[in-house]
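Fold and geometry: a report
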Protein chains: 2
Amino acid sequence: MKLAGSMAEARAMAQGRVGLVPTMGFFHEGHLSLMERSASECDRTMVTLYVNPLQFEDPADLARYPVDHERDLELAAAAGVDVMVIPDPAEMFLEAPLTGVSVAGIGDRLEGAYRPGHMDGVATAVTKLFAGLQPDRAYFGRKDAQQLAMVSRLVHDLGFPTEVVGCPLVREADGLALSSRNVLLGAYREEARALSRGLLEAARLFEDGERSAAAVEGAVRNALPPGALDYAEACTAAAMEPVDRLEGEVVLAAAARFGAVRIIDNVRFTVDGRGAAADRGVWLDRPSVLYDADPAGADPAGGR
Amino acid sequence: MKLAGSMAEARAMAQGRVGLVPTMGFFHEGHLSLMERSASECDRTMVTLYVNPLQFEDPADLARYPVDHERDLELAAAAGVDVMVIPDPAEMFLEAPLTGVSVAGIGDRLEGAYRPGHMDGVATAVTKLFAGLQPDRAYFGRKDAQQLAMVSRLVHDLGFPTEVVGCPLVREADGLALSSRNVLLGAYREEARALSRGLLEAARLFEDGERSAAAVEGAVRNALPPGALDYAEACTAAAMEPVDRLEGEVVLAAAARFGAVRIIDNVRFTVDGRGAAADRGVWLDRPSVLYDADPAGADPAGGR
């Protein structure tokens, strides 16, 4: 695995079909599954590691975002990554850019509404990575369902010659969706399971024939302690528009707060001519590599 | 010269250093000078011909924008263009995109203020052309000074590996800045000369030692018939921020309306350690090729 400190260096290492996995580091099995998928499909797999300040509307959240580059490099090499790109912040957004990219509708709702500027910050950073690295494919997890929908639309609208590949959400053995932020949950770890519990209950209702959006949203709401839920909303998977009935491809997306940590999760429902299916993601059968880490940048107090 | 009907086709024709000249067609010597410059500096010169609906805030202006593809192809081939890209509207903005690109500050003022949505429409289209064609260099005329400043900043902020090259403004023999819209001026042709006359008078004042922005702006205002001027404003060339004194690199940018046609023009002042210089652009010594054209899409009534 080679290291690149700039987009130009990384471009010079490109060869054949280039797969890109954009990350903010502190890798877990979700990230690693994207890297392995890219390594199996592409000639060169590039991973960018950049904690994008534009997508943090809360400076405290940015300050405690966990960091462990040494461990990340080892995990990425083992996952088959060819080029690890850690751009100089001066090349990225050390100064706030004047140029902004936003995706109307998809970027405004849910995370966009609860985290002002967040989705635009993602769109701007992804555009910059695509512009600079010119990947043939880019891999995103379905855990960030709204991000995946937004990036897919952005690539269509702006005509990047990049195929966006959505990959399965990965859950810890107890159901909690994998997130680098899980290491910050501390004493709230057990309480935070309520979010996945609610979504998995919603998936059970769906498989029992429930097709009302309000009913499955209610299952999530009921599973959570008072005040914890930001939203639980059934939306079209492509446009993230709210639906009343579970038809076509629908994401039931939810976000909740436990202590100072905010987590998101979703389940995906497909109803088409061939029948109905719920996608809950995949489960780990052992503790995540997250818990081997030394979160140098993590402030565990944030989770208490 | 080859024709490409899509970005993918054009990309497949790229080789070595690629120079891009984005245009809306109906070529004049300004366009041709960009193509010739690219042909002299790059291995492959690509010209895109696309009348971008996103940058027309006025449907009537879009409807009468002159079109003559046959003539454009002949002129481009003679200028050394390798690939003429006429994208299928369905690949561009037949449907309005949800994704928008905007450059705060530079894109909001002057043209951005007088033509709501115009500058964002330019930014979004240029981003799409750069994303799809991945040029090494892109050539823009200094006639659209604000566009040049905005695109330069956009490329910096979004990290496109593209060098933006600003090229001289070209004037007709009587001083009028070349624009495809000049063929629409009709009976207003003589009156429209007032805009360049005012700017050239401002350049004379500058060369006589005048350094007050208000004074050179006043020279433009005084040259124009009542009500014709939209703005005459001295701005920094890089950020298009208004200045009081002519120092560093300054653009005196102006826009005016004659009949149904709106034209823009500018002169550029440089004051640095080596002295002071006014850049008025270059002059044609014969009638423009514009007037050989058959403006099939042009509605000359718009100019009366």
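Residues numbered from 1 in each chain as written. Chains lettered and ligands numbered in written order. Predicted model: local features only at pLDDT ≥ 70, side-chain atom pairs only at ≥ 80, totals over all residues.

Our focus in this paragraph is the packing of helix α6 (residues 118-133) of chain A against helix α7 (residues 145-158) of chain A. Relative placement of two packed helices is described by the angle separating their axes and the distance separating the axes. Residues and elements named next belong to chain A. One can describe the packing of α6 onto α7 by two numbers: an axis separation of 11 Å at closest approach and a directional angle of 50 degrees. The orientation of α6 with respect to α7, classified from their angle, is oblique. Note that α6 runs across α7; the crossing there is right-handed. Between α6 and α7, the residues in contact are Met 119, Val 122, Ala 123, Val 126 and Thr 127 and Gln 147, Met 150, Val 151, Leu 154 and Leu 158, respectively. Here the contact of α6 with α7 is composed, by residue class, of eight nonpolar, two polar and no charged. (Axes fitted to C-alpha atoms, helices over the stretch in contact; angles between N-to-C directions. Helix = DSSP H or I, 4+ residues; strand = E, 2+ residues; numbered from the N terminus. Parallel < 35°, antiparallel > 145°, perpendicular 65-115°, else oblique. Left-handed = near helix turned anticlockwise from the far one by under 90°. Contact = placed C-beta atoms within 7 Å. Nonpolar A, V, L, I, M, F, W, Y, C, P; charged D, E, K, R; others polar.)

Attention now goes to the relation of the copies chain B and chain A. For the pair chain B and chain A, the best superposition has an RMSD of 0.0 Å and corresponds to a rotation of 180 degrees with a translation of 0.0 Å parallel to the axis. Both copies of the chain, as the preceding transformation shows, are related through a two-fold rotation axis. Closest to the rotation axis within chain B is the C-alpha of Val 101 of chain B, separated from it by 2.3 Å. Counting the interface residues of chain B, we find that 100% of their copies in chain A are interface residues as well, pointing to one common contact surface. (Least-squares fit on C-alpha atoms with pLDDT ≥ 70 in both.)

Take the packing of helix α8 (residues 189-207) of chain B against helix α9 (residues 213-223) of chain B next. Residues and elements named next belong to chain B. Interaxial distance between α8 and α9 falls to 8 Å at its minimum, and their mutual angle equals 150 degrees. Here α8 is positioned roughly antiparallel relative to α9, judged by the angle of their axes. Note that α8 runs across α9; the crossing there is right-handed. Across the interface between the two elements, Ala 194, Arg 197, Gly 198, Leu 199, Glu 201, Ala 202, Leu 205 and Phe 206 from α8 touch Ala 215, Val 216, Ala 219, Val 220, Asn 222 and Ala 223 from α9.

Now for the nonpolar core. Grouped together as the largest cluster of nonpolar side chains are 188 residues, with contacts concentrated most on Leu 252 and Ala 254 of chain A together with Leu 252 and Ala 254 of chain B. Setting aside residues up to four positions removed in sequence, Leu 252 of chain A forms contacts with Leu 199, Ala 202, Val 216, Ala 232, Ala 234, Asn 266, Val 267 and Phe 269 of chain A. (Core = buried A, V, L, I, M, F, W, Y, C linked by C-beta atoms within 7 Å. Buried ≥ 20, exposed ≤ 12 C-beta atoms within 10 Å, placed from the backbone.)

With that settled, the discussion passes to the domain arrangement of chain A. Residue and element names in this part refer to chain A. Taken domain by domain, chain A consists of domain 1 (2-167) and domain 2 (180-289). Domain 1 and domain 2 are separated by 24 Å when their C-alpha centres are compared. At the interface, 15 residues of domain 1 touch 19 residues of domain 2. In terms of residue count, the dominant contributor to the side of domain 1 that touches domain 2 is α7 (three residues). Looking at side-chain class alone, the side of domain 1 that touches domain 2 contains eight nonpolar, three polar and four charged residues. (Domains from an automatic or database assignment.)

Counting from both sides, the interface comprises 26 residues of chain B and, opposite them, 27 residues of chain A. Where the side of chain B that touches chain A is concerned, the elements lending two or more residues are α1 (7-12), β5 (99-103), α6 (118-133) and α7 (145-158) of chain B. In terms of residues, the side of chain B that touches chain A owes the most to one element, β5 of chain B, which gives five residues. A class-by-class count of the residues in the side of chain B that touches chain A yields 13 nonpolar, eight polar and five charged. Sheet topology places strand β5 (residues 99-103) of chain A next to β5 of chain B; five bridges connect them, and they run antiparallel. Each residue of the ladder has a partner; that of Val 101 of chain A, found in β5 of chain B, is Val 101 of chain B. (Pairing = 2+ DSSP bridges.)

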